[in-house]
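# Structural overview
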Amino acid sequence: DKGGAGKAADAGKAAGALTIGFSQIGSESGWRAAETKLAKLEAEKRGINLKVSDAQQQQANQIKAIRSFIAQGVDAILLAPVISSGWDEVLGEAKAANIPVVLLDRQIDTADPSLYLSAVTSDTVEEGRVAGRWLVSTLAGRDCRVVEIQGTIGASLVANRKKGFEEGISTAANVQIVRTQSGEFTRAKGKEVMEGFIKAEAPGTICAVYAHNDDMMIGAIQAMKEAGLKPGSDILAVSIDAVPDIFKAMADGDANATVELTPDMASRAYDLLAAYKKDGTQPPKWVQTPSTLYLPDTAAAEYERRKDLY
Ligand code: GZL
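I will try to describe carefully the structure that is included in this document. It should be emphasised that the depicted structure is a prediction, and the values quoted were computed from it without experimental measurement.

The rules behind these values
Residues numbered from 1 in each chain as written. Predicted model: local features only at pLDDT ≥ 70, side-chain atom pairs only at ≥ 80, totals over all residues. Heavy atoms only, no water. Salt bridge = Lys/Arg side-chain N within 4 Å of Asp/Glu carboxyl O. Helix = DSSP H or I, 4+ residues; strand = E, 2+ residues; numbered from the N terminus. Pairing = 2+ DSSP bridges. Core = buried A, V, L, I, M, F, W, Y, C linked by side-chain atoms within 4.5 Å. Buried < 20%, exposed > 50% of the residue type's maximum accessible area, 1.4 Å probe, protein only. Contact = heavy atoms within 4.5 Å. Near = heavy atom within 4 Å. Polar contact = N/O pair within 3.5 Å; in protein donor to acceptor, adjacent residues only side chain to side chain. Areas by Shrake-Rupley, 256 points an atom, 1.4 Å probe, with all protein chains shown as cover.

### Quick word on the pattern of salt bridges
- Counted by the stated rule, this structure contains 30 salt bridges.
- For Glu167, the salt bridge identified is with Arg129, shortest N-O distance 2.5 Å. Of this pair, Glu167 sits in helix H6 (residues 156-169) while Arg129 sits in helix H5 (residues 124-139), and the two are 38 residues apart along the sequence.
- Three or more residues joined by partner-sharing salt bridges are found here, namely Glu28, Arg32, Glu35, Asp105 and Arg106.

### Description of the sheet that holds strand S8 (residues 208-211)
- Ordered by their spatial adjacency, six strands build an open sheet running S7-S6-S8-S9-S10-S12, and the pairing between neighbours is mixed. At either end of the open sheet lies a strand with only one pairing partner, and these are strand S7 (175-182) and strand S12 (293-294).
- Examined bridge by bridge, strand S9 (residues 236-241) and strand S10 (residues 257-260) share four bridges and lie parallel to one another. Across the sheet, Val238 pairs through a bridge with Ala257, a residue of S10.

### Some words on the nonpolar core
- Ranked by internal contacts, the top residues of the largest apolar core, which has 55 residues, are Leu78, Leu104 and Met194.
- Every residue in contact with Leu104, bar those within four places of it in the chain, is listed here: Phe22, Glu35, Leu78, Leu79, Ala80, Pro81, Val120, Met265, Ala266 and Ala269.
- Counting 20 residues, the second largest nonpolar core, distinct from the first, contains Trp134, Leu135, Tyr210 and Ile240.

### A short note on the site of the ligand
- All residues in the neighbourhood of the ligand are listed as Glu28, Ser29, Trp31, Arg32, Asp105, Arg106, Leu157, Arg161, Phe185, Asn213, Asp241 and Leu261.
- The separation between an oxygen atom of the ligand and a polar side-chain atom of Arg161 is 2.9 Å.
- Surface burial for the ligand is 100%, taken as the share of its 320 Å² of free accessible area covered by protein chains.
- Secondary structure elements with two or more residues in the shell around the ligand: helix H2 (30-46) and H6.

Structure representation (structure tokens):
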């Protein structure tokens, strides 16, 4: 029987023969850009012919891209769904064409899970819990009025990151979210939303900001500084993604915590697709990526370790 190396080579060869279409959301955040960069690097390593389409965060463009991949007769489709609803029709067309679909980093709401082969995502509720629990532990009983900068409304993970955070802070009655608004996962919008919160709230009454991704937090940090506030001390800052710039902010004392989200989602999809294509191996419906908390104490080292990934 083939040794491990032989099997890996076969899997690689099986993957190598593949042409894969990737319907990517856009490049709204540093994390998203890294996900695309790694998808390309990993495809090259495996000899996969990868076609990436950038939808500028518009679902209609993603649907068009999927139809184009079907018409091209690709071997598989990767989909990072910008919002969770409205996929049944086009994924039905992919299924009819016998083209397996693997979801990356976001889930879809569907009554028919046969419309996708597998989903490679983090546990987006747990990400929120980790952030909320960190805040409660850091406050150690102090009152705290929290402002929340949400991601793209309608994305599966935004409701989950909110729900998880609320669960995480539910153990402390004196920690409350007093304002919430979408910053669409971008630095620019995150800054705008934080400027609005600072204007709307009486000076000195915002104790912490929870942003659904680091990029919006980086925008919020700029807003706090321009308002003469000290992010990371006057106002605690916790967010999600663990992109290099949040480690730089933590090392500078401008942010306090981030929850990791690996941008290396595609390699997990390539591996399960290679096995599926080779001998019909059914993958798990969900491949979970880790949600590890990072704090300022390791920020400098983590920045060095991650900066070339992005
Ligand atoms: C989460 C992913 C989110 C990232 C953001 O899995 O979909 O989208 O947290 C990105 O940075 O915009």
